[in-house]
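Residue-level listing of the chains:
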Amino acid sequence: MDTFEVFYHDPATGELWKSFFPKGFKEHRGTRLLRQEPLPKSLELQLEICLNSPDDADAIGLGIECSVNPKSWPDIIEILDNNRKKYLRSHLNTFIKHLGILNPEESLKEIQVKPAEAGLDKETLSLLTKKAKRIKLKRLFRI
């Protein structure tokens, strides 16, 4: 219960599922997610699977899950920029929205992390926000 994680095994398919609160800490639990385990190790593969899924809930879930690890935001934005043409536009926009990079100060406050603790300064956060907005525009115009 310290991590708010519960694992389920589907006997019919043999799949393992994980139920968890990525923003779960202290008394605040946030949104509960349910996803298959194990998750691919490669962030690039995770993004490709979730942002091309027929269900936008996968993009929402991965966005929320990644939002609690702000140290990875620069890597995520770089991967999104390099592969933006491979993703469904609506899922890409949904993921970016739930990642929290469009309002980073508010997102960091919600998970009780100071920018310096995540290795991000105000200028870097501003650049990441601008880059995320550019990615959305580039994908809109198929650039």
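Residues numbered from 1 in each chain as written. Predicted model: local features only at pLDDT ≥ 70, side-chain atom pairs only at ≥ 80, totals over all residues. Heavy atoms only, no water.

J.: Account for the packing of helix α4 (residues 89-99) against helix α6 (residues 122-140), with residues named and values stated.
T.: Closest axis-to-axis distance for the α4/α6 pair is 10 Å, and the angle between their directions is 170 degrees. By the criterion of interaxial angle, the relationship of α4 to α6 is roughly antiparallel. Here Arg89, Leu92, Asn93 and Ile96 of α4 come into contact with α6, specifically with Ala132, Ile135, Lys136, Arg139 and Leu140. Residues that form the contact of α4 with α6 fall into these classes: five nonpolar, one polar and three charged. (Axes fitted to C-alpha atoms, helices over the stretch in contact; angles between N-to-C directions. Helix = DSSP H or I, 4+ residues; strand = E, 2+ residues; numbered from the N terminus. Parallel < 35°, antiparallel > 145°, perpendicular 65-115°, else oblique. Contact = heavy atoms within 4.5 Å. Nonpolar A, V, L, I, M, F, W, Y, C, P; charged D, E, K, R; others polar.)

J.: Let's hear about the pairing of strand β1 (residues 6-9): which residues, and what values?
T.: Across four bridges, β1 lies against strand β2 (residues 16-20) in antiparallel orientation. Across the sheet, the residue bridging to Tyr8 is Trp17, located in β2. Here β1 folds back onto β2 in antiparallel fashion, the turn holding six residues, of which Gly14 has a positive phi close to 80 degrees. (Pairing = 2+ DSSP bridges.)

J.: How would you summarise the pattern of salt bridges if you had to cite specific residues and measurements?
T.: In total, this model carries six salt bridges according to the counting rule given. With its nearest N and O atoms 2.2 Å apart, the salt bridge here joins Glu37 to Arg35. The partner of Lys131 in a salt bridge is Glu78, with the nearest N and O atoms 2.9 Å apart. Here Lys131, found in helix α6, pairs with Glu78, found in helix α3 (residues 73-83); they are 53 residues apart in sequence, far enough to count as distant. By relative accessible area, which is 36% here, Glu78 ends up partly exposed. One continuous salt-bridge network, built from bridges that share partners, spans Arg35, Glu37 and Glu65. (Salt bridge = Lys/Arg side-chain N within 4 Å of Asp/Glu carboxyl O. Buried < 20%, exposed > 50% of the residue type's maximum accessible area, 1.4 Å probe, protein only.)

J.: Tell me about the packing of helix α1 (residues 43-51) against helix α2 (residues 57-67), residues and numbers included.
T.: For the pair α1 and α2, interaxial distance at closest approach is 8 Å and the crossing angle is 145 degrees. Crossing hand, α1 versus α2: left-handed. The residues of α2 that touch α1, namely those facing Leu43, Gln46, Leu47, Cys50 and Leu51, are Asp58, Ala59, Leu62 and Cys66. Here the contact of α1 with α2 is composed, by residue class, of seven nonpolar, one polar and one charged. (Left-handed = near helix turned anticlockwise from the far one by under 90°.)

J.: Go over the nonpolar core, please, and point to the residues and values.
T.: Within the largest apolar cluster, 25 residues are counted, with the highest numbers of intra-cluster contacts made by Trp73, Leu80 and Phe95. Of all the elements in the fold, those that place two or more residues in this core are α1, α2, α3, α4 and α6. Here the element with the most residues in this core is α3; it accounts for five residues. (Core = buried A, V, L, I, M, F, W, Y, C linked by side-chain atoms within 4.5 Å.)

J.: Please provide a residue-by-residue account of the packing of aromatic side chains, values included.
T.: Taken as a whole, this structure holds zero aromatic pairs when the rule is applied. Over the ring of Phe20 we find Lys18; its NZ or CZ atom is 4.6 Å from the centre of that ring. (Phe/Tyr/Trp six-rings, centres within 6.5 Å; stacked < 30°, edge-to-face > 60°. Lys NZ or Arg CZ within 6 Å of the ring centre and 35° of its normal.)

J.: Can you lay out the environment of Ile60 for me, pointing to particular residues and giving the numbers?
T.: Note on placement: Ile60 falls in helix α2. Beyond its immediate stretch of four places on either side in the chain, Ile60 contacts Thr94 and His98.

J.: Please provide a residue-by-residue account of the side chain of Gln46, values included.
T.: Position of Gln46 relative to the elements: it lies in helix α1. By relative accessible area, Gln46 is classed as buried at 10%. Sequence-distant contacts of Gln46, that is, excluding residues within four places in its chain, are made with Leu39, Pro40, Lys41 and Leu62.

J.: So, a nonpolar patch on the surface: which residues are in play, and what are the values?
T.: Taken together, the side chains of Leu137, Leu140, Phe141 and Ile143 make up a nonpolar region of the molecular surface, amounting to roughly 420 Å² of accessible area. As for its placement among the helices and strands, Ile143 is situated in the segment after α6. The exposure class of Ile143 is exposed, given its relative accessible area of 51%. (Patch = residues over 30% accessible without salt bridge, like charges linked within 9 Å, V, L, I, M, F, W, Y side chains within 5 Å. Areas by Shrake-Rupley, 256 points an atom, 1.4 Å probe, with all protein chains shown as cover.)

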